[in-house]
Amino acid sequence: MKRFGFNPLLLGLLAFLAIRSGVSAETNDLPHFQEVFRLLRANLPGVSEEDLNRAAVQGLLDQFYPRAILVTNGAPAAAGQEYALLTRTTVYDESSGYVRVARVATGLADQIKSVYEKLGGRNKLKGLVLDLRFAAGQDYTAAANAADQFLTKEQPLLDWDEGSAHSMAKADAINLPVAVLVNQQTAGAAEALAAALRETDAAVLIGTRTAGQAQIFKEFDLSNGQRLRIATGQVRVGKGKLLSAAGVAPDIEVAVRAEEEKAYFADAFKILPRPMAPLKGSRNVSQSGSTNRTSRRPRNEAELVRMQREGLNPEDQDATAAAKAEEDPSGPIVRDPALARALDLLTGIAIVGRSLAR
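Summary of the structure given here. All values derive from a computational prediction rather than experimental measurement.

About the thresholds
Throughout this description, residue numbers start from 1 for each chain and increase along the sequence as written. For a predicted model such as this one, the threshold for reporting local features is a pLDDT of at least 70, and the threshold for listing and counting side-chain atom pairs is 80 or more; totals across whole chains, interfaces and linings nevertheless cover every residue. Derived side-chain values reflect all non-hydrogen atoms in the structure, with water molecules and hydrogen atoms excluded from consideration. Each residue's exposure class comes from its accessible area (1.4 Å probe, protein chains only) as a fraction of the maximum for that residue type: buried when under 20%, exposed when over 50%, partly exposed otherwise. The helix and strand labels rest on DSSP assignments: H or I over at least four residues marks a helix, E over at least two residues marks a strand, and numbering proceeds from the N terminus. The term salt bridge refers to a pairing of a side-chain nitrogen on Lys or Arg with a carboxyl oxygen on Asp or Glu at a separation within 4 Å. Any two strands with at least two DSSP-identified bridges between them are counted as paired. Working rule for contacts: check all heavy atoms of both residues, and any pair within 4.5 Å makes them a contact. Between the N-to-C directions of two axes lies an angle of 0 to 180 degrees, each axis being a line fitted to C-alpha atoms and, for a helix, fitted only over the stretch in contact. The definition of a right-handed crossover adopted here requires that, viewed with the strands pointing away, the path from the first strand over the helix to the second runs clockwise. As used in this structure description, the phrase polar contact means that two N or O atoms lie within 3.5 Å; if the pair is within protein, one of them must be able to donate a hydrogen and the other to accept it, and residues adjacent in sequence are counted only when both atoms belong to side chains. For this analysis, a ring pair means two rings from Phe, Tyr or Trp (six-membered ring only for Trp) whose centres lie within 6.5 Å, classed as stacked if their planes differ by under 30 degrees, edge-to-face if by over 60, and tilted for the remaining angles. By the criterion adopted, a ring carries a charge over it if an Arg CZ or a Lys NZ lies within 6 Å of its centre and within 35 degrees of its normal. Each helix should span, by expectation, one fewer than its residue count multiplied by 1.5 Å. This arc is built from the directions going out from the helix axis to the C-beta atoms. To qualify as a nonpolar core, a set must consist of buried Ala, Val, Leu, Ile, Met, Phe, Trp, Tyr and Cys residues joined through side-chain atoms within 4.5 Å.

1. Quick look at helix H6 (residues 189–199)
Part 1 of the reasoning: Here H6 lies mainly inside the structure; 10 of its 11 residues are buried.
Part 2 of the reasoning: Immediately downstream of H6, the backbone of Asp-201 shows phi near 60 degrees, a positive value.

2. Thoughts on the pattern of salt bridges
Part 1 of the reasoning: One pass over the structure, following the stated rule, counts 10 salt bridges.
Part 2 of the reasoning: Note that Glu-219 and Arg-227 form a salt bridge whose closest N and O atoms lie 2.6 Å from each other.
Part 3 of the reasoning: Note on Glu-219: relative accessible area 36%, which makes it partly exposed.
Part 4 of the reasoning: The exposure class of Arg-227 is buried, given its relative accessible area of 14%.
Part 5 of the reasoning: Its salt-bridge partner being Glu-219, residue Arg-229 comes within 2.6 Å of it at the nearest N-O pair. Of this pair, Arg-229 sits in strand S10 (residues 227–237) while Glu-219 is found in strand S9 (residues 215–221), placing the two residues 10 residues apart along the sequence.

3. What about the sheet that holds strand S2 (residues 86–92)?
Part 1 of the reasoning: Read from one edge of the open sheet, 6 strands run S2-S3-S4-S7-S8-S12, paired in mixed fashion. Looking at strand neighbours, the two that pair on one side only are S2 and strand S12 (252–253), the edges of this open sheet.
Part 2 of the reasoning: Pairing between strand S4 (residues 127–131) and strand S7 (residues 178–182): 4 bridges, direction parallel. The residue bridging Leu-130 from the neighbouring strand is Val-180, located in S7.
Part 3 of the reasoning: The strands touched by H6 are S4, S7 and strand S8 (204–207); relative to S7, the strand with the most contacts, the crossing angle is about 145 degrees.

4. A closer look at the pairing of strand S3 (residues 96–101)
Part 1 of the reasoning: Where burial is concerned, most of S3 is hidden: 6 out of the 6 residues are buried.
Part 2 of the reasoning: Residues Ser-96, Tyr-98 and Arg-100 point to one face of S3 and Gly-97, Val-99 and Val-101 to the other, with burial holding for every one of them.
Part 3 of the reasoning: Looking at chain direction, S2 and S3 are connected through 6 bridges and run antiparallel. Residue pairing across strands places Tyr-92 opposite Ser-96, the latter belonging to S3.
Part 4 of the reasoning: Hairpin connection from S2 to S3: 3 residues lie between these consecutive antiparallel strands, with Asp-93 at a positive phi of about 55 degrees.
Part 5 of the reasoning: Direction of pairing for S3 relative to S4: parallel, over a ladder of 5 bridges. When the bridges of S4 are listed, Arg-100 appears paired with Asp-131.
Part 6 of the reasoning: Handedness of the S3-helix H4 (residues 108–122)-S4 crossover: right-handed.

5. Description of the side chain of Asp-131
Part 1 of the reasoning: The residue Asp-131 is located in strand S4 in this model.
Part 2 of the reasoning: Apart from the residues lying within four places of it in its own chain, the contact partners of Asp-131 are Tyr-98, Val-99, Arg-100, Val-101, Leu-181 and Phe-265.

6. Overview of the side chain of Gln-215
Part 1 of the reasoning: Looking at the secondary structure, you find Gln-215 in strand S9.
Part 2 of the reasoning: On the basis of relative accessible area, Gln-215 is assigned to the buried category, the value being 7%.
Part 3 of the reasoning: A polar contact is formed between the side chain of Gln-215 and the backbone oxygen of Gly-212, at a distance of 3.5 Å.
Part 4 of the reasoning: Once residues within four sequence positions are removed from consideration, Gln-215 is found in contact with Arg-67, Gln-138, Tyr-140, Ala-231, Gly-233, Val-235 and Ala-245.

7. A word on the packing of aromatic side chains
Part 1 of the reasoning: This structure, assessed with the given rule, holds 4 aromatic pairs.
Part 2 of the reasoning: Between Tyr-140 and Trp-160, the aromatic rings sit 6.2 Å apart at their centres with planes inclined by 40 degrees, giving tilted as the arrangement. Taken together, the residues span a long stretch of sequence, with Tyr-140 in helix H5 (residues 140–148) and Trp-160 in strand S5 (residues 156–160) at a distance of 20 residues.
Part 3 of the reasoning: What makes Tyr-140 buried here is its relative accessible area of 2%.
Part 4 of the reasoning: The exposure class of Trp-160 is buried, given its relative accessible area of 9%.
Part 5 of the reasoning: Aromatic ring contacts, followed pair by pair, group Tyr-92, Tyr-98 and Phe-269 into a single cluster.
Part 6 of the reasoning: Note that Arg-100 overlies the ring of Phe-265, its terminal NZ or CZ placed 3.7 Å from the centroid.

8. Notes on H4
Part 1 of the reasoning: If you check H4, its first and last C-alpha atoms are 22 Å apart, about what 15 residues at 1.5 Å a residue would give, namely 21 Å.
Part 2 of the reasoning: If you check which residues of H4 are buried, you get Leu-108, Ala-109, Ile-112, Lys-113, Val-115, Tyr-116 and Leu-119. The buried residues of H4 occupy an angular sector of 165 degrees when the element is viewed end-on, so they sit on one face. Exposed positions of H4 whose direction lies more than 90 degrees from the buried face are Asp-110, Lys-118, Gly-121 and Arg-122.
Part 3 of the reasoning: The inward-facing, buried residues of H4 abut S2, S3, S4, H5 and H6.

9. Quick word on the nonpolar core
Part 1 of the reasoning: Leu-130, Leu-158, Val-180 and Leu-193 are the most contacted members of the largest nonpolar core, which has 50 residues in total.
Part 2 of the reasoning: Sorting the residues of this core by element identifies S3, H4, S4, H5, S5, S7, H6 and S10 as the ones contributing at least two each.
Part 3 of the reasoning: Ranked by residues supplied to this core, first place goes to H6 with 8 residues.
Part 4 of the reasoning: For Leu-130, the residues in contact, after removing those within four places along its chain, are Val-99, Val-101, Ile-112, Phe-150, Ala-179, Val-180, Leu-181, Leu-193 and Leu-197.

What follows is the structure, given as structure tokens:
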């Protein structure tokens, strides 16, 4: 997607929005756009009408993003072409299931239930991680159906311009603690799914605030081959809570730099070349990606000598984690901060549950 490169159709209002930053925010007495546009076109040296048009479009799209989005690379799939809804499923620590959703669309609920049964059939699951990072979609019925898989009683889930959805009372719901991973690229129906699970107390959200695109969109073809996607309706969750352009806030914030997050998303065990300073506002998540897997001191003098000989800093979390991974038969440590926080949470819930059961 791009947010520039429009045609002159909306020049008037666009030109006005593009120059709005030069007008005092303390006054509402603004000039008419046509007057400003004519003066700029006639008197601003070295600026063409196309330059004014592009600046105006950029201003408009910036002002109303994400309620107005210029679509340039989201062409519809060819006939018969399908995209995977789930792109990864596995089990961590032999007890926590992991399901990665790429797109919220028809069939997602059935796929989640099927994968859960397969994972649970081979392992005694104590919790489930539903990864909605980088997930999108515009099918709110599919979002509601997916959320319904985790609920045992009838209750309102989503309400949007074209319909509404409730969960169904059932005895075969996925009845496990659930952690949902979200980030700034969790968009549309994926946001609604996350919000519905949190609103019904079926899951805890971990990560960063979502994209704020959980709205009803219509697309309009433009003369240059692009499309303008406009939010024409709103989506509500639960008993009427509006999902706004501000996005869905997580219950537990785990802030990760974009480039690091992509690296961890591709490989949850990836050891980055150097530790990064924590982001402002983050909740002190260690670079090992876990709240209870902290770095350790060398266990003996021989190990300390070996690390120094190899140029490793005993205080460096990455170096110590690498050394531990070599010696720990249980396997590598999950380094993805959001995923590790989710696994820690599910493990903690399981421990508390065992204690209460005694």
